[in-house]
Structure formats: structure tokens, C-alpha cells
Amino acid sequence: MAQELFSPSTLIFSAALLAAVSGVPLLFPRLLSAARAQLLSVAAMLAASCAGLAGAIATLISREVSLFELAWGVPFGPARFGVDPLTAWFLLPIFLIPGCAALYARSYWHADHYPANVRKMTLFFGLMTASMGGVVLARDGISFLYCWEIMALSAYFLVSTEDEKPEVNEAGTLYMMTTHTGTLGLFALFPLLHLLTGSWLFPAPASLNASSGLSAAVFLTALFAFGLKAGIMPLHIWLPSAHANAPSHVSAAMSGVILKVGVYGLIRTLSFFHGIPLWWGCVVLALGVVSGVVGVAFAIGQHDLKRLLAYHSIENIGIIFMGVGVALIGQIVGSATMMVLGMSGALLHVLNHAIFKALLFLGAGSVIHATGTREIDLMGGVARRLPYTSLLFGVGAVAICGLPPLNGFVSELFIYLGFFRAVQAEGGAAAAATLAAPALALIGGLAVACFVKVFGIVFLGAPRSEAHVARHESGWQMLLPMLLLGGLCVAIGLAPGVVAGLLEQTSLTVLPKLAGTGLPMRELVPLTMISIAGGLLLVMIALLTLWYRRRLAGAPCSETVTWGCGYQRPAVRMQYSASSFAEMLVSLFAFVLKPHSHRPDNIAGLFPGRSRFTSHVPEAVLELLYIPALLRLYHRSSGIRKLQSGILQQYVLYTLVTLIVLLCASYF
Amino acid sequence: MTNSIIHIFLALVMPPLLLGVIGKTKALFAGRVGAPFLQPYYDILRLLHKGTVFSTTTSWVFRAGPIVALATTAVAALLIPFGAHPAPISFTGDMILYAYLFALGRFFTMAAALDTGSSFEGMGSAREATYSCLAEPTLFFALITLSRLSGSYTLSGMLVNINFSVWMHTSAALLLLVGGMFIVLLAENCRIPFDDPNTHLELTMIHEVMVLDHSGPAFAIIQYAAALKLFVLGAFFVHLALPYSTGNALLDWGLFIISMLELAVVIGVVESVMARLRLIRVPQLLVAATILAAFSTLLVIR
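Remarks on the overall build of chain B
Secondary structure summary: chain B contains 13 helices and one strand in total. In sequence order, the secondary structure elements of chain B are arranged as α-α-α-β-α-α-α-α-α-α-α-α-α-α. Over its C-alpha trace chain B gives a radius of gyration of 19 Å, about what one expects of a compact globule, namely 19 Å for 302 residues. Pairs at least 24 apart in sequence give 78% of the contacts found in chain B among residues at least 6 apart.

Comments concerning the domain arrangement of chain A
Domain boundaries in chain A define domain 1 (334–512 + 519–549) and domain 2 (642–668). With centres defined by C-alpha atoms, the gap from domain 1 of chain A to domain 2 of chain A works out at 52 Å.

Quick word on the interface of chain B and chain A
Residue-level contacts link 66 residues of chain B with 63 residues of chain A. Among the secondary structure elements, those contributing two or more residues to the side of chain B that touches chain A are β1 (52–55), α4 (60–79), α5 (94–115), α6 (119–150), α11 (216–241) and α13 (282–301) of chain B. If you tally residues by element for the side of chain B that touches chain A, the top one is α6 of chain B, at 18 residues. Looking at the side of chain B that touches chain A residue by residue, the class counts come to 36 nonpolar, 22 polar and eight charged. Relative to β1 of chain B, strand β5 (residues 557–560) of chain A is paired through four bridges, and the arrangement is parallel. Following the sheet pairing, S558 of chain A is matched in β1 of chain B by V53 of chain B.

Focus on the packing of α4 of chain B against α5 of chain B
All names here are of chain B. Following both chains from N to C, one finds α4 and α5 inclined at 165°, their axes separated by 8 Å at the closest point. Considering their axes alone, α4 and α5 lie roughly antiparallel with respect to each other. Between α4 and α5 lies a crossing of left-handed hand. Facing V61, F62, A64, G65, V68, A69, T72, T73, V75, A76 and L79 of α4, the residues of α5 in contact are D94, L97, Y98, L101, F102, L104, G105, F108, T109, A111, A112 and D115.

A word on the packing of helix α17 (residues 428–459) of chain A against α5 of chain B
Put simply, α17 of chain A and α5 of chain B touch, their axes get as near as 9 Å, and they point 25° apart. With respect to their mutual orientation, α17 of chain A and α5 of chain B come out roughly parallel. The interaxial crossing formed by α17 of chain A with α5 of chain B has right-handed handedness. In this structure, α17 of chain A uses A441, G444, V448, V452, F455, G456 and I457 of chain A to contact α5 of chain B, whose residues at the interface are A99, A103, R106, F107, M110, A111 and L114 of chain B. Tallied by class, the residues present in the contact of α17 of chain A with α5 of chain B amount to 11 nonpolar, two polar and one charged.

Some details on the pairing of strand β2 (residues 79–83) of chain A
Along any regular strand, the residues point their side chains to alternate faces of the sheet. Residues and elements named next belong to chain A. With four of its five residues buried, β2 lies for the most part within the structure. By the bridge criterion, five bridges tie strand β1 (residues 66–70) to β2 in an arrangement that is antiparallel. Bridging from a neighbouring strand, L70 pairs with A79 of β2.

Brief notes about the nonpolar core
Counting 354 residues, the largest nonpolar core has V326 and A358 of chain A together with F107 of chain B as its most contacted members. Broken down by element, the residue count for this core peaks at 23 residues, all from α17 of chain A. For F107 of chain B, the residues in contact, after removing those within four places along its chain, are V398, C401, L403, V448 and V452 of chain A.

A word on helix α16 (residues 407–424) of chain A
Taking 1.5 Å per residue, 18 residues should reach 26 Å; α16 of chain A reaches 27 Å between its end C-alpha atoms and fits that length. Most of α16 of chain A sits inside the fold, with 17 of its 18 residues counted as buried.

The rules we used
- Residues numbered from 1 in each chain as written.
- Chains lettered and ligands numbered in written order.
- Predicted model: local features only at pLDDT ≥ 70, side-chain atom pairs only at ≥ 80, totals over all residues.
- Helix = DSSP H or I, 4+ residues; strand = E, 2+ residues; numbered from the N terminus.
- Rg over C-alpha atoms; globule rule 2.2 N^0.38 Å.
- Contact = placed C-beta atoms within 7 Å.
- Domains from an automatic or database assignment.
- Nonpolar A, V, L, I, M, F, W, Y, C, P; charged D, E, K, R; others polar.
- Pairing = 2+ DSSP bridges.
- Axes fitted to C-alpha atoms, helices over the stretch in contact; angles between N-to-C directions.
- Parallel < 35°, antiparallel > 145°, perpendicular 65-115°, else oblique.
- Left-handed = near helix turned anticlockwise from the far one by under 90°.
- Buried ≥ 20, exposed ≤ 12 C-beta atoms within 10 Å, placed from the backbone.
- Core = buried A, V, L, I, M, F, W, Y, C linked by C-beta atoms within 7 Å.
- Expected span 1.5 Å × (residues − 1).

As C-alpha cells, then:
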């Protein structure tokens, strides 16, 4: 009995239930003060996180596959949930990040400071965590949709936590519209699958033939619906404003985890098929390349710290798609190594991106808390007041650029090796994959440029504005989650062998064809050498640091102002700003970014008057593509809009009439 | 083992000599006697014994910049084969570590520059960020071409594989690669026509302007790291352009040293006969290098 109680799946399900009810204590203001109730709900979330992580890791080790049935009286039959290594792998970020974010919120969104919305925020945060878990646990289309909708709606309430601000409201509405467009796609996806299999239950891995037209329709709808949630270019339009306007710990959970649920959906759908045609792989790879390059190019042009991070999520989703694309192409050209490398690279990047992006969003939250602004160009010199935050943000920045010796490097290395394996293969498929390697290199270079900009302008130099000088370091409740995430970045980077074993099992679930090939990951990826090289690098840095300190102690050392090339009165406003740092790159990418700038025109004569310069990189895809198209649709469709009266009773009538019509139609 | 020791010894000792040879070549072209070959060593030693002036604006990042730059370049030096001898450390995928180590060094050098709060150094790091992004794909096209030619996934396997007969069979692809990689070599090491390591006109510089505020031992580290970077990237290029080997271990080391000196002379000649490019022309030249390398990839994978 005791064994049953602590079986991995029991742990996972109870963790999800506990997370779902974690916000309940705040609903009884008469019984408990808000601050105490918040403490209780944080404790519940932490317990849920620990239990869920333990269950997920145990599943990954034991490789257990189980299926549960919940017989209930709703239409479409019983709900089925199950646990397998793929689910367990996605449960890692789903339980890790919200647990960290909940502890962070205890200080960042304290009940005493935000009495108006802390109840709503806490309740929906728990619900969102639980429903994300539900989505990856669901094993039939209908339960999947239930969980998906709860997730989407609770995320809406979280994005619009501060719904008294107009820009927050606007971001929330945009998110709501796009997420429902995605849900509409899912409404099409599951009936299509039902047509293929005759059941709402998810088919077994590799049980469907991918060559039929219906399969292609399933692939395209899945790509649309899940791509919209994952934020793949050009379906990313909701993402920048939603991530920027949500509270930072919510952005961490959304960017770190919700996007990954979209990736999960796509990988799960792809796992149903065998005999995948070449164009599926090429489409996924091409979308990945476009998202990666364009996402990071947009990021470089941003001035808003959180918007910038949001665009980096698009870039990283692109990298994940590139990995999935390599795996698919490997399946087509019959290269087991490409399949293993691409899929495990993509899956590892899912976890890695969740870790470092959550770290960066939490770090950004601390900075915003301390400076009172999201504008990068108003910050500067934050590192002096927030030494720990700056160090941890630096770790996240190095990790997201994919630089050694941190975790981002490991997953990108997997994907690169997949590309290099493709080089040896014959045929156009392999050629397409090899051209993606330089694209990934370009993404890496641009990411370095962007994070040098963020780190340099925000944390280094001198404060750029009196009003937004950083005031204080954050408390331990904010620092501890960041320390944990930063530690994980280092740990996975230095000891990738530990996660690789868990990863191998997960890729086998997705690609059952591999089971017979017996390709151990250790032979494909130099896991030990990554550890050795990383360790060597750190030892060398440590030795040089010791030597340099001794040198400094032995020679005279003095301090003065920065060398201004002879200019006597330097001012903080003369520092390079985020816009000036990015100017060259933005103008190189002007053909997609469409930057606006207002240049001063009255600079003439010896004593020109006051003038101003502004530059801005808009969300070009939304503003130049979608909005004009939607406006045209709006004007064209004015006739139909008469149906939309705004009277609820009338809508209920519509539903009834539709049902009766459908009922009649089914008789003929 | 002996080869590894010679490798490490050469990587430690030889890099500043290349700068000395470049300087001497340029002096000969200008009709001057020029500084002695060993001048860069004297400069570095002298700087090591000097005191340091720190800007009050700076933090730990400023101090970490030179150290990380040197450490990453030193690890990269262990990954690249010198001449016909394989590198001391070689494993599947080391070429990606090689490329990304330079990126890590660059990250900290640029961040250290921004740490001073000087607009000149901001300019330098913005330029470095832009140009290095454009140089990165060229290196990866080259790696793909080499991997395809050799069937190997390690730098040693790819580079040592190139010999006279490979050149004969794929001369078009390798010629394009030599062109592309030479441009990248000059750009990554901030040589003319991209940057002038000798000028002190801050407005037009890239690398030198990023390190304006460093002094004393830190500046010595920077000088040495820059020389080492030229040496390490040069060793990569020498494999492509001068793929001789004799089969005798000792002769091969001699051949490698001579090839590196030849490379230094060529760089010196280029610096003597060319002027710096206008900054807006730099991206165009870098994109041209990428296209050359992309063509070579297409030639070998077609």
C-alpha cells in the first residue's frame, strides 16, 4: 500500500491537484489575513513542486508508462490520463519554474503591497500550473482540450493581473484573441485525428501512416495551433506584449513553461506518425530558422527589458524547432544519429530554456523592482546596488547565448552535431539541414550582441537617470529561486552526463524506431569531454584571477574617472545607450524590422536649440501584416456583424438553433 | 606526449613573435628599420610591472574581461592542431566549442568595455558585436565544408586531413574557403582593412577602443590574448592555405613555425598595401566572405 501511495504517477497527480488548490487559502479573507494566506499558498506550491519533480524524475528513471481512466458522465466518454517519459520530461519545467516563481512572488508580489489583485494572481497561478500538468498528462483529445482551455484562460487572468492599466488590458485582449484562434485549431485537430483513428484516445507512437492527405491536414493544424502557443514566427504576435505586461514571475512561468506546452503538443502529435514525408521536416526546420534569426533581430531593437526577453523566447523556440526539424529529416534519410541528436537537443533545450529564461525574467523583475522602470535606456550601474542579482543575471545571459561552460551550450551542441551528421548524408534533405548550421551560428552571434547590450547597459556603467537609480538588493525570497536556477545552468553545463541518461529514454518514447538501433548517447556526444573542457576553462579563469590579484597587490593602484579622450566634463548621458548599441545591427536588419526613428532637424548654426531623437522597433508583423488584413476583413464583413447583438439571451438562442439544425441534419 | 608539450610551449611562447614579424614587414614597406622582432615581448613585460588605474565607474566585470578573454583563447589553443600534429584535446564537436569559446571571450571583452561608461568604448563594443555576428556564419560554412571533405567531426580530423591531393581534387572549393577565411582572420583579429591596431583615433577603432581604460597587467593580458588569438586563428588558416607535411614529426613542427611566420609576413604586406575600409563598407566585405564560404559548401555537398 505504501508503495502505491508513493508511486511516481500518484506523486505527479497529487502535485497537480495541490497546485490547483494552492490559491484557495486567499479566498477566505475573514479567516486568514492575506499575507498569511499567501504564505500558505506558497508553501502548497513548493510542496507541489517537490512532489511533482520527484514523481517526474522517478518516472524518467523507472521508464514507467501508465494509463488511468476517469469514468465520468460528460459527453465523449471517460477521461484518460497517463504518464510516460515524454510527459515526465515536460513535467520537469512545469513543476520547477512555477515553484521558483511562487517563492519569488512572496516577496515580489507581496499581499500587503498588492491587496487588489494578489488573490486573483495566486489563484490563477496555481490553476495554470496544474492545468499545464494536465495538458501533458492527458491521453485523449477531450481531456487535453479541457486542460488546455483552463491553462489558456488562467494565463489570460495572469497577464491581465493589473487590468486597471490600459496597456495591460490591451496585451491581455490580444493574448485572449490569439489563444482562442489556437484553440479553434485544436477543435479542428482532434476531429481530424478522430477521422484517422476512430477514437478520441491518442494513438500509439508511430501507429499512423503520414502519407495520406488527412495526415498532412493533421500536421498543418497541429503546426498552426501549437505553433501559435509556442510563439513561432509569424504566429508570435501575442507574445511580446503579454510577456512584457504580466508580472515578472508570471512572465517567467509563461515564457519558461507555457510556450513549451505548445512544443509538447507538436512533438506528441508528430510521434503518432511513421513514414513522415520530407516536407514536414523541411517546414519545421525552416520555421525554426526564421523564428530564430528574426526573433533575435527583433530582440536587438527593443528598449523594454521584458519585451526584449520575450523576443528571445521566440528565438529559442526557433532553436527547439530546428532540433525537431533535424530529427524529422533524420527519420526520412534513415539516419538514427540525426534523430537522436536533433530530438534530444530539442528536448534538452526545452528544459534549458525554461531554466535560463525564468532566471532572466526573475532577474529582470528584481531590476524593475529596484529601478521602477522597464526602459533599458533609463537604467545603468545596477550592478553596484544589486551585486547578487547582477551576477545571476550574468549567468543567465551567458547561458542563453549558448556559451560554454553553461547549459545553453550543451543543447546547442547536440543540435549542431545533428547538422554536422547531416553533412555526410546524401541528398537535398541533408543539404537543407547543413545550411541551418550557419543560421544557428548567426543566431548565436546576434544573441551575444543582444545580451552584451542588456547586461552592459542595465547593470554596468553609471545610472542614466536620477529618478531610476537602483535602490536596493532584493530579499532572499527573490534571490533564492534565482540562485537555484543559476546553479542548474552551471550544473547542466558542467555535468551534462547526468541529464543525458534521462533524456535518452525520452527521445526513445518519441522515436520508437530508435529502440532497436542501440545508439548510446555517450558515443554520439562527448559528454565527458564537455565536462572536462568546461572544468579546464573554469580552472584557468580561477588561476588567472589569483595571479592577477597578486599582481595588483604588488603594484601601485589608483582610481579616477573614465578616460574621456581629454574631455573634462563627462556626463552620464554621454554613455552609449541601448539604442545606440543596437543601431548598426538594426539598420542591417531594417528590411524586416522596419524601425521608426525621429531625427532632429533643427541642428544648425553654432548654438542649436533643444532637440530630440527617438527610435523604435515596432512589432512589424502585427502592425504591417495582421492589423491591415484584419481591418479589411472587418470592413468587408460588416453585414454579418448584425448577428452580434451583444444580448446574451440571443446567443443562447443561436446555440439552441444550431444544435437543433445539427440534430435534424444528422437524421438525413 | 612530446607533441602535446611542444604544442603548449609554442602556444605560450610564439604568439607575440607574429606581431613582431608583422611590424617588421610593415616597417620594411615604409622604408624604416622598425622595432625589433621581440618588441611585443618587451611591451608585455613592461606592462606587467606597471601599476593600474581603474575607473571609478567600473565593477568586477571590468576586471574579469581580460582574464576571461585570455582563458577562453588559451583553451581554444588546445583544440586546434598545429601543422600535421593533432591537437592535445580532440573530441567530437570540438569545432563548436572552438567557435563558442571566442564568443565567450568576446562577451566579456565587450561587457568590460561597456562597464567604463565611456561612449567611445560603447562604440567599439557595438562595432565588435556587429562585425563578429557577420563573421560567425563564415566560420561555420568553412567547418561544414571541411567536415564533408574529411568525414570527421573533430577539428584535428578536419584540418589534418587537408593535403596536396585533397587540394587537387577540390581546389575550387578550398580556394573560395581560403578567400573567405582570410577575410575572417583579418576581421576577427582587428587588422587592416577592418581595424588598425596602431591608431589612436578612437572614433574609428574597434578592438583598441574597447580596451582604452585597461592599464598595467590587465593590458598586458589583453595584448597577449590578442596575439594568442591571432596565432590560434592563424593556425586554422594555415591548414587551409599551406597544407604541407613531411611525415617527420620534427620537420613538421619546423614547417608549422615557418608557415605561421609566412602568414605574419602576408598580413604585414596586406596591411602595408591597403588602407582601412570605411566603416559602412565593413559589413559588405564580411557578407562577401560568407558568400565565398557558402559557395564552397555548395560545391562540396552538391
